[in-house]
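Report on the structure
One letter stands for each residue in the lines below.
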Amino acid sequence: MTTKAGDPGAFARFDLDRVETPAFVVDAAALRRNLAVLADVKRRSGAKVLLALKAFSMWETAGITQAVLDGTCASGLWEARLARKHYPGMVETFCPGFKAQDLPEIAALSDTIVFNTPQQHARFRELLERSGETFDVGLRINPEVSTGEVPKYDPAAPGSRLGFPISQLREEHLSGLSGLHFHTLCEQDFAPLARTWEAIEPRLADWLPRLDWLNMGGGHHISRADYDVDALVRLIEGIRNKYGVSVYLEPGEAVALDAGLLVGEILDIFDNDGLQAIVDISATCHMPDVIEAPYRPALLGETETGTSVRLGGPSCLAGDVIGDYRFAGGVPTPGQRFAFLDQAHYSMVKTTTFNGVPLPSIYLWDSDSDKLERVRSFDWTEFERRLS
Ligand SMILES: Cc1ncc(COP(=O)(O)O)c(C=O)c1O
């Protein structure tokens, strides 16, 4: 996958020696910048915008994100609990498969529950009615319009398990629903959303006026400088006016885009068919998308000339390799700090302690005031507690 973000912004002047490593450093000012873009979309389009916790759930920053956003979207019971405990605003919970024993609590925590199939909705309808809680029910549909670069990140790819295929959607499936939800994008601009909407609008046009809302999911790279915000505003306004529904977006990346570093340290360096550096950041433990996507994270201060060094983690996994990089100051030496850009989203939420590799600390920096605060650090007991 090609990296579309990676603007260092104020991190270009952040002194990496201010933090212990490994460490995530999130810039509050960068979050506020992204949120200003989302606030503008909300104001001009009338859309409601939820934070996708799966991407970014550093709840210490809830005061910043929820000053603008309308709530959160959760991926199941645990995120719904996190949402209710730490984030103001509404909670929408979608899971591809709910468990019966979780649903009463999910119903108590959520304003909206979105099912992946009408079959699950039908199976749990009575149980939910008995819960006595008040909430909306929605259905995630699969538009069957593939626009993604990588099939692994394309919920609309043929044979997808995510969302009920729109070609199978019938009027009877809408019984008991307040809205429809679709999510098919990943780090995309406006054009793929427009293509998706053009394809599904004719199929939904008769039903939408009977519903309260339409949720267009996440994956919209709205806060990226080249995103066509005006076109998005026009589309949302058009849908609201034509069908009388509320329109929701639930971005994750767009909230935290280019807002975080992962800072590490060079531990050792030697030659084996090129320079190999062992670092205290692990791809598999700290940035699993590097291996899963795969993608190559951008290095702060990277240059195009000079000797290339392969950076790899301290784990036993041969494939725990982050990539080949050229450092501005020449070949790095043990003890030297470095940082990967754009690590606030989908890294902090995915860390593991495989091999007993320590979890990165979490710092909040405000590049406007230069205030730096270590909001969380993890010790060995965190590793011990997860095993038995
Ligand atoms: C249902 C749903 N909503 C929202 C999102 C957030 O997407 P992004 O972080 O790319 O904006 C995702 C991401 O996988 C998702 O699956």
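Within an unreviewed UniProt entry, the label attached to the protein reads Carboxynorspermidine/carboxyspermidine decarboxylase, and the organism entered is Pacificimonas flava. Quoted verbatim from the Cofactor (unreviewed entry) field of UniProt, the annotation for the protein is "pyridoxal 5'-phosphate".

So, the site of the ligand
Neighbouring the ligand are 13 residues; Gly 219, Glu 250, Gly 252, Glu 253 and Tyr 346 lie closest to it. Contacts to the ligand include His 183, whose side-chain N or O atom sits 3.4 Å from an oxygen atom. Measuring from an oxygen atom of the ligand, one finds a backbone N or O atom of Glu 253 at 3.0 Å. Protein contacts shield 87% of the accessible area of the ligand, which totals 400 Å² for the unbound molecule. Taken together, the residues of the shell around the ligand break down into four nonpolar, five polar and four charged.

Structural notes on a nonpolar patch on the surface
A cluster of nonpolar residues, Leu 267, Phe 270 and Ile 278, forms a patch on the protein surface that exposes about 240 Å² of accessible area. Relative to the helices and strands, Ile 278 resides in strand E12 (residues 275–279). With relative accessibility at 30%, the residue Ile 278 sits in the partly exposed group.

Brief notes about the domain arrangement of the protein
Assigned domains within the protein: domain 1 (9–25 + 260–343 + 351–385) and domain 2 (46–256). Each of domain 1 and domain 2 has a C-alpha centre, and the two are 33 Å apart. With nine residues of domain 1 at the interface, the matching set in domain 2 holds seven residues. Carbon and sulfur atoms make up 54% of the area that domain 1 and domain 2 hide from each other, which totals about 600 Å². Summed over the three residues of domain 1 that lose the most area to domain 2, namely Glu 292, Ala 293 and Leu 364, the buried surface amounts to 52% of that side. Remark: the boundary between domain 1 and domain 2 carries one residue pair in polar contact (both at pLDDT 80 or more). Of the residues forming the side of domain 1 that touches domain 2, the biggest block, three residues, is contributed by strand E16 (residues 361–366). For the side of domain 1 that touches domain 2, the class distribution of residues is five nonpolar, no polar and four charged.

A few points about the environment of Asp 379
Looking at where Asp 379 falls in the secondary structure, it is placed in the loop between strand E17 (371–376) and helix H11 (380–385). A C-alpha to C-alpha distance of 46 Å links Asp 379 and Arg 44, two positions 335 residues apart in sequence. Among the polar contacts listed, one links the side chain of Asp 379 to the side chain of Thr 381, at a separation of 2.5 Å.

Description of the nonpolar core
Formed by 97 residues in total, the largest nonpolar core has its most connected members in Phe 56, Leu 204, Met 216 and Leu 311. The element that contributes the greatest number of residues to this core is helix H7 (residues 229–243), accounting for eight residues. Looking at this core, you find at least three residues from each of domain 1 (9–25 + 260–343 + 351–385) and domain 2 (46–256). Among all residues touching Leu 204, those that are not within four sequence positions of it are Ile 141, Ile 166, Leu 169, Leu 180 and Trp 197. Ranked by size, the runner-up nonpolar core spans 15 residues in total, among them Phe 14, Leu 261, Ala 298 and Leu 300.

Considering the pairing of strand E4 (residues 90–94)
The element E4 is largely enclosed, with a buried count of five among its five residues. Residue alternation in E4 divides its side chains into two sets, Met 90, Glu 92 and Phe 94 and Val 91 and Thr 93, and both sets are buried. Taken together, the four bridges between strand E3 (residues 71–74) and E4 define a ladder with parallel strand orientation. From the neighbouring strand, Cys 73 faces E4, where its bridge partner is Glu 92. Following the chain from E3 across helix H3 (residues 77–86) to the adjacent parallel E4, one finds a crossover that is right-handed. Where E4 and strand E5 (residues 112–115) come together, three bridges link them in parallel fashion. From the neighbouring strand, Phe 94 faces E5, where its bridge partner is Val 114. Following the backbone out of E4, through helix H4 (residues 103–109) and into the adjacent parallel E5, one traces a crossover that is right-handed.

A few points about the UniProt feature "binding site: substrate" (unreviewed entry) in the protein
Those places that UniProt annotates as "binding site: substrate" (unreviewed entry) correspond, in this numbering, to Glu 253 and Asp 289. Spanning 37 residues, the annotated positions come together in the fold, the maximum distance between their C-alpha atoms being 13.5 Å. The topology assignment puts Glu 253 in helix H8 (residues 253–256). Given the relative accessible area of 12%, Glu 253 is considered buried. Not counting the four nearest positions on each side in its chain, Glu 253 is found in contact with Ala 55, Glu 187, His 221, His 345 and Tyr 346.

Cut-offs applied
Numbers given for residues are sequential positions, taken from 1 along each chain in its written order. This being a predicted model, a pLDDT of at least 70 is required before a residue's local features are given, and a value of 80 or more before pairs of side-chain atoms are given or counted; all residues contribute to the totals for chains, interfaces and linings. In computing side-chain properties, one takes all heavy atoms of the structure into account and sets aside hydrogens as well as water. UniProt positions are given in the numbering used here, feature names are shortened, and annotations may be inferred rather than shown by experiment. Nearness is defined per residue: one heavy atom within 4 Å of the molecule or strand is enough. The term polar contact refers here to a pair of N or O atoms within 3.5 Å; inside protein, the definition further demands a hydrogen-donor-capable atom paired with an acceptor-capable atom, and it admits residues adjacent in sequence only when both atoms are side-chain atoms. Here, Shrake-Rupley sampling with a 1.4 Å probe gives the accessible areas, and only protein chains in the shown set may cover a residue. When residue character is reported, Ala, Val, Leu, Ile, Met, Phe, Trp, Tyr, Cys and Pro are called nonpolar, Asp, Glu, Lys and Arg charged, and the others, Gly included, polar. A residue counts toward a patch only above 30% relative accessible area and without a salt bridge, and it is joined to like-charged neighbours within 9 Å or, for Val, Leu, Ile, Met, Phe, Trp and Tyr, to nonpolar neighbours within 5 Å. Within this document, salt bridges are pairs made up of a side-chain nitrogen of Lys or Arg and a carboxyl oxygen of Asp or Glu, the two lying within 4 Å of each other. Elements are defined by DSSP. Helices are runs of H or I of four residues or more, strands are runs of E of two residues or more, and each kind is numbered from the N terminus. Three exposure classes are used, based on accessible area relative to the maximum for each residue type with a 1.4 Å probe and protein chains only: buried under 20%, partly exposed in between, and exposed over 50%. Annotation comment: domain bounds sourced from an automatic or database domain assignment. Note on definitions: a residue-residue contact is assigned when non-hydrogen atoms from the two residues lie within 4.5 Å. Buried surface area refers to the total accessible area, computed with a probe of radius 1.4 Å, that the two partners give up upon joining, counted for both partners together. Only buried residues count toward a nonpolar core. Its members are Ala, Val, Leu, Ile, Met, Phe, Trp, Tyr and Cys residues joined through side-chain atoms within 4.5 Å. Whether two strands pair comes down to DSSP finding at least two bridges between them. We call a crossover right-handed when, viewed with the strands running away from us, the connection from the first strand over the helix to the second turns clockwise.

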